[in-house]
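# Overview (structure and organization)
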Amino acid sequence: DKENEDDDDDDDDVEEDDDSDSDLDPDGNAYDEGVGMDPPGSGDDNSEEEASDLFDTENVVVCQYDKISRARNKWKFLLKDGVMKLNGRDYVFQKAHGEVDW
């Protein structure tokens, strides 16, 4: 019996190269390094500008959107939960829709 145990131990002593799997994705394919890019949204920060300068305009709308679609040069949009300043007056709305030719 002892000889059989020693034979079984030899099967377990197979050397594995740990580094061979590090460059493979779960499907066994090599990872593509791709093009180095900044994280999404990293260019959106306006930390150099004052907040008051960002909205230094006569008309402004700040809101969330439900849907925006475009057909050729006509844009349609559904907006929600917003604040508008138009022609010197402030407006608050829950829902708004509009169309514009751009």
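The structure contained in this document is the topic of the report that follows. All chains use their own residue numbering, which begins from 1 and follows the written sequence. Local features in this predicted model are restricted to residues whose pLDDT is 70 or higher, and side-chain atom pairs enter the listing and the counts only when it is 80 or higher, whereas totals over whole chains, interfaces and linings include all residues. Remark: hydrogens and water are excluded; side-chain values derive from all non-hydrogen atoms of the structure.

## So, the sheet that holds strand β2 (residues 74–86)
Only strands joined by at least two bridges in the DSSP assignment are considered to pair. Working definition: helices are DSSP H or I runs of at least four residues, strands are E runs of at least two. Numbering for both runs from the N terminus. Reading across the sheet, the three strands line up as β1-β2-β3 and stay open at both edges, with antiparallel pairing between neighbours. Taken across any chain shown, the strands that pair with only one partner, and hence form the sheet edges, are β1 (60–71) and β3 (89–101). Within the sheet, the average angular offset between the axes of one strand and its neighbour, ignoring direction, is 10 degrees. As paired strands, β2 and β3 are joined by twelve bridges and run antiparallel to one another. Note on β3: the bridge partner recorded for K85 is D90. Helix axes are fitted to C-alpha atoms over the stretch in contact, other axes to C-alpha atoms as well, and angles between N-to-C directions run from 0 to 180 degrees.

## Brief notes about the pattern of salt bridges
Think of a salt bridge as a Lys or Arg side-chain nitrogen and an Asp or Glu carboxyl oxygen that are within 4 Å of each other. Tallied over the full model, the rule gives two salt bridges. For K80, the salt bridge identified is with D66, shortest N-O distance 3.4 Å. Linking K80 in strand β2 with D66 in strand β1, this pair joins segments that are 14 residues apart in sequence.

## Things to note about the environment of E58
By the element assignment, E58 lies in the loop between α2 (51–54) and β1. It is 6.5 Å that separates the C-alpha atoms of E58 and N87, two residues lying 29 residues apart in sequence. The contact criterion used throughout is that any non-hydrogen atoms of two residues lie within 4.5 Å. Residues within four places of E58 in sequence aside, it is in contact with K85 and N87.

## Quick notes on the pairing of β1
Bridging between β1 and β2 involves ten bridges; their strand directions are antiparallel. Bridged to S69 within β2 is K76. Between β1 and β2, which pair antiparallel and follow one another directly, the connecting turn spans two residues, one of which, R72, has a positive phi of 60 degrees.

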